[in-house]
Amino acid sequence: MEKPLGPRSGTDVATQTPTVVKLGGSCLDDMADSWWDDLVAHGQERPLVLVHGWSKPLKQLNARYTEPSAILRDRYGNQSRWTTPEVIADIKTVSAKLGDDIIRRLQRRGLTAERVLGSDGLVQAGEGERWWWRDKQLVELDNLVGPITGVDPGQLANLRSGHCCIVTPLARNTAGQEVNTDADRAAAAVAAATAATALTLVTDVPHLLIDGTPVRQICAAEAARFRDHGATGGMRKKLRAAGEALERGVGRVHIGSAPVSQMLAARTGTVITRERADTVRA
């Protein structure tokens, strides 16, 4: 049975509320030792869920993933990786290596960790779009992608201080197929389902930029306007994920490249809140 995306209820939620961090696949090799030291120090104090991306290592695995034909655009203008069973297998291959690397980094600093494959019951997906632009024509394609419809937080049974669950954001659709999902939006759904108070999206830029100016704080409504009228590429997806997290009860979303504790304290990066407030620029 699918579980709701919203927060859980029960007396154990307060003690088990995790910190949810999404780490872009392009960032993994760029993070300094001090970044990992900070993450482990934070994880010693409360449960930690780390959702990872895989774009960069997938491109390194095979040059075909760098070609324009590897990306599809649907009739609404949304981009998606063209995902076949072979692509799913490659995602799992690079994710296993990423997961092992992350586990080594955490364990040698004293934090226990485990990998959780989203398609093994954690993340459920709905039916994906079937019409995609190819050679300037809309054609029907079997593309193994799908929107997230549910997260079962019970699959994160080992949430506790001193431990990290590393989530590979694949999902399982209603037909039982493994499908590709957006890692930022998967992290948002996991944060909501585990009643996390904040979601941290770690990327390769220190702030959200609007008109070239770093933004320190912005409300969800203003962030959504910028998402639809100005943001491009990966930042547009991050702002969509931020909006979904806030709509489902997550208190705030942080975007940036600094150590997690600094972003959670709003000392750096961009914080997006539900409440309407003036946009604060750096």
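Everything discussed here concerns the structure shown above.
Within each chain, residues carry numbers counting from 1 in the order of the written sequence. Owing to the predicted nature of the model, reporting of local features is limited to residues with pLDDT of at least 70; listing and counting of side-chain atom pairs is limited to 80 or more, with chain, interface and lining totals taken over all residues. Water and hydrogen atoms were dropped before computing side-chain values, which therefore reflect all heavy atoms in the structure.

## Focus on a nonpolar patch on the surface
Formally: Each patch is built from residues that are more than 30% exposed by relative accessible area and take part in no salt bridge. Like charges join if they lie within 9 Å; nonpolar side chains (Val, Leu, Ile, Met, Phe, Trp, Tyr) join within 5 Å. The Shrake-Rupley method, run with a 1.4 Å probe, gives the accessible areas here. Residue values count only the displayed protein chains as cover. Salt bridges, as used here, are contacts in which a Lys or Arg side-chain nitrogen is within 4 Å of a carboxyl oxygen on Asp or Glu. Working definition: helices are DSSP H or I runs of at least four residues, strands are E runs of at least two. Numbering for both runs from the N terminus. Only protein chains enter the accessibility calculation, which uses a 1.4 Å probe; a residue is then buried when its area is under 20% of its type maximum, exposed when over 50%, and partly exposed in between.
Residues Trp131, Trp133 and Leu138 make up a contiguous nonpolar surface patch of about 280 Å² in total accessible area. Its location among the elements puts tryptophan 133 in strand 7 (residues 131-134). You can call tryptophan 133 partly exposed: its relative accessible area is 39%.

## Section: the sheet that holds strand 11 (residues 170-173)
Strand-to-strand pairing in sheets goes through backbone hydrogen bonds, with the strands running parallel or antiparallel. Formally: Only strands that DSSP links by at least two bridges are regarded as paired with each other. Simply put, an axis is a line fit to the C-alpha atoms, just over the touching stretch for a helix, and the angle between two N-to-C directions goes from 0 to 180 degrees. Only heavy atoms matter for contacts: two residues are in contact if any of them lie within 4.5 Å across the pair.
Strand order in the open sheet formed by four strands is 9-6-11-12, and the pairing between neighbours is mixed. Where the open sheet ends on each side, the last strands, each with one partner, are strand 9 (148-151) and strand 12 (178-180). The average undirected angle you get between the axes of adjacent strands in this sheet is 45 degrees. Pairing of strand 11 with strand 12, which is carried by three bridges, proceeds in the antiparallel orientation. Counterpart to leucine 170 in the pairing with strand 12 is asparagine 180. Contacting strand 11 and strand 12, helix 4 (residues 85-107) runs over the sheet at an angle of about 80 degrees to strand 12.

## As for the environment of histidine 42
Along the chain, histidine 42 falls in helix 2 (residues 33-45). Judged by relative accessible area, histidine 42 falls into the buried class, the value being 14%. Taking the C-alpha atoms as reference points, histidine 42 and alanine 266, separated by 224 residues in sequence, lie 15 Å from one another. Beyond its immediate chain neighbours, meaning those up to four positions away, histidine 42 contacts Thr19 and Leu264.

## Section: the sheet that holds strand 7
Read from one edge of the open sheet, four strands run 4-3-7-8, paired in antiparallel fashion. Among the strands making up the open sheet, the edge pair consists of strand 4 (79-81) and strand 8 (137-140). Sheet twist, expressed as the mean angle between neighbouring strand axes with direction ignored, is 50 degrees. Two elements, strand 3 (residues 71-74) and strand 4, share three bridges in a ladder whose sense is antiparallel. Pairing of leucine 72 across the sheet is with serine 80, part of strand 4.

## As for the packing of helix 7 (residues 220-228) against helix 8 (residues 233-247)
To keep it simple, the criterion reads: Under this scheme an angle from 65 to 115 degrees is roughly perpendicular, one under 35 degrees roughly parallel, and one over 145 degrees roughly antiparallel; angles in between are oblique. By convention the crossing between two helices is left-handed if the near helix lies anticlockwise of the far one by an angle smaller than a right angle, and right-handed if it lies clockwise. When residues are grouped by polarity, Ala, Val, Leu, Ile, Met, Phe, Trp, Tyr, Cys and Pro land in nonpolar, Asp, Glu, Lys and Arg in charged, and all others, Gly among them, in polar.
It is at 9 Å that the axes of helix 7 and helix 8 come closest, and there the two elements cross at 150 degrees. Considering their axes alone, helix 7 and helix 8 lie roughly antiparallel with respect to each other. For the pair helix 7 and helix 8, the crossing hand works out as left-handed. Contact residues: Ala220, Ala223, Phe226 and Arg227 in helix 7; Arg236, Leu239, Arg240 and Leu246 in helix 8. Looking at the contact of helix 7 with helix 8 residue by residue, the classes come out as five nonpolar, no polar and three charged.

## A few points about the side chain of aspartate 38
Convention followed: Within this scheme the basic residues Lys and Arg register as positive and the acidic residues Asp and Glu register as negative, but His and the chain ends are omitted.
Checked against the element boundaries, aspartate 38 lands in helix 2. Salt bridges are absent for the buried aspartate 38, whose nearest opposite-charge side chain, arginine 267, sits at 6.6 Å.

## A word on the pattern of salt bridges
On inspection of all chains with the given rule, the structure shows 14 salt bridges. When the shortest N-O distance is used, the salt bridge between glutamate 140 and arginine 130 registers 3.0 Å. Residue glutamate 140 is found in strand 8, and its partner arginine 130 is found in the loop between strand 6 (123-125) and strand 7; the two are separated by 10 residues along the sequence. The network of salt bridges with common partners includes Lys22, Asp184 and Lys238.

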